[in-house]
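# Topology and contacts: notes
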Amino acid sequence: MTGASSNNEHRLWLPVAVSLFAVAWGGNEFTPLLTMYRLDQGFSDVVVDTLLFAYVLGIIPALLLGGPLSDRLGRRALMVPAPLVAIAGSAVLAAGSDHAAVLIGGRLLSGVSLGLAMAVGGSWLTELSRAPFEPGAAPGAGPRRVAMSLTAGFGVGAGVAGVLAEWGPWPSGFPYLIHIAVTVAGFMWLLGVPETRVDIPAEKRAAPLREDLRIPSVAHRRFWLVVVPLAPWVFGAAASAYAILPALMSERVACAPIAFSALLCLIALGCGFGIQALGRRIDRPGSARSSITAFGLLIVALPLAAWAASSLSIPVVILAAAVLGMGYGMALVSGLLEVQRIATPDDLAGLNAVFYSLSYLGFAVPVTMAVASSWLSYPVMFLVGMTLAVMCLALVLLGSRRPRAVKAGREGVSG
């Protein structure tokens, strides 16, 4: 075997990463367009934030069913359709900009595709990033590649969509057509990736469907005391940066509100992407260093967001979005590393699915705050969020002090 061919074999994860990137692009391209729907279509803040949250209703079932089913049927069978569903979602969104109900349908399809990609594609990429598919991969390479692929897709998708909607032709449709083209290209490359779940016992394949929905690792004490308190903050932080702050700033940046929304997306997700590269150095098996770091960032970010909501100063808003993005990125990679250590090979996808489902509950933050804004100001709500973050950090500190059993041979997963 030549050196070049060997190197290519050891990058079998790359087509999966590209498809994760493309599906994540489709999941977040909608976000900067929220400003367009609010201003051009006249949708209220509550309706717009409901549209943002709607795709969570597609994500969570796809996560909870797709992950465990891929543990039984294999990764290819559940991941290969995900880009096709993403294409269908973008097509519906392009056709239905005037109708909230149609937009909700498109968002549901985008959610289903993203749920499959995160739970199934993420597990597939993780397995392709270790022996025997990539013997020389660094410990923890899989979760970091998953987190960075998703974050890059979220950021690039939002940035491209925002620029095209602000200055391109057919603002309500052209951004979605670009996503369809990118996703088709990634899909064609994905078809050549081998299955990793080739040794599934016959009794597992023949077991009743309800058996696939049992995820024994969910009962792990560390999952409840370290992962669960952190998970909703992943997309709670992200949504605060690129859904709430742009809405508050829409009048202040009236010359280019959609582009400014896209800019905040890029800043938040770019900072999230950048800090994920440091995750391996910060994380230590048996400790909660990365989770504590994530909460530290959030506890700084939320008062900044309160200041931004009060002052409506562009520099302060940008700073708040950047620190919220770092909190998002650190929380995402920390959660994925913890899940990889806790899960067994037979329920890795299932536990990933539970983690992501809890994470996506954070997308309820914008609509919850929009409804509550009749009684509380946004600065006050962000300060309440800081208090909740401190309480969650205390729980993580308490839970991480207790010893946990580490499966043999898995201590170095993220070292």
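Residues numbered from 1 in each chain as written. Predicted model: local features only at pLDDT ≥ 70, side-chain atom pairs only at ≥ 80, totals over all residues. Heavy atoms only, no water.

Per an unreviewed UniProt entry, the chain is named MFS transporter, and its organism is Lolliginicoccus lacisalsi. Taken directly from UniProt, the Subcellular location (unreviewed entry) text for the chain runs: "Cell membrane". (UniProt positions renumbered as here; feature names shortened; annotations may be inferred.)

## Some words on the overall build of the chain
On a plain count of helices and strands, the chain comes out with 20 helices and zero strands. Against the compact-globule benchmark of 22 Å for 415 residues, the chain has a radius of gyration of 20 Å, which places it among compact chains. By residue count, 58% of the 415 residues in the chain fall in the buried class. When contacts within the chain are restricted to residue pairs at least 6 apart in sequence, those whose partners lie at least 24 apart make up 84%. For the chain, the centre of its 27 positive side-chain charges and the centre of its 21 negative side-chain charges are spaced 10 Å apart. (Helix = DSSP H or I, 4+ residues; strand = E, 2+ residues; numbered from the N terminus. Rg over C-alpha atoms; globule rule 2.2 N^0.38 Å. Buried < 20%, exposed > 50% of the residue type's maximum accessible area, 1.4 Å probe, protein only. Contact = heavy atoms within 4.5 Å. Lys, Arg positive; Asp, Glu negative; His and termini not counted. Charge placed at Lys NZ, Arg CZ, Asp CG, Glu CD.)

## Focus on helix H3 (residues 30-40)
For H3, a buried count of nine out of 11 residues is recorded, marking the element as mostly surrounded by other parts of the structure. Within H3 the residues assigned to the buried category are Phe-30, Thr-31, Pro-32, Leu-33, Leu-34, Thr-35, Met-36, Tyr-37 and Arg-38. Positive phi shows up at Gly-42, right after H3, with a value of about 75°.

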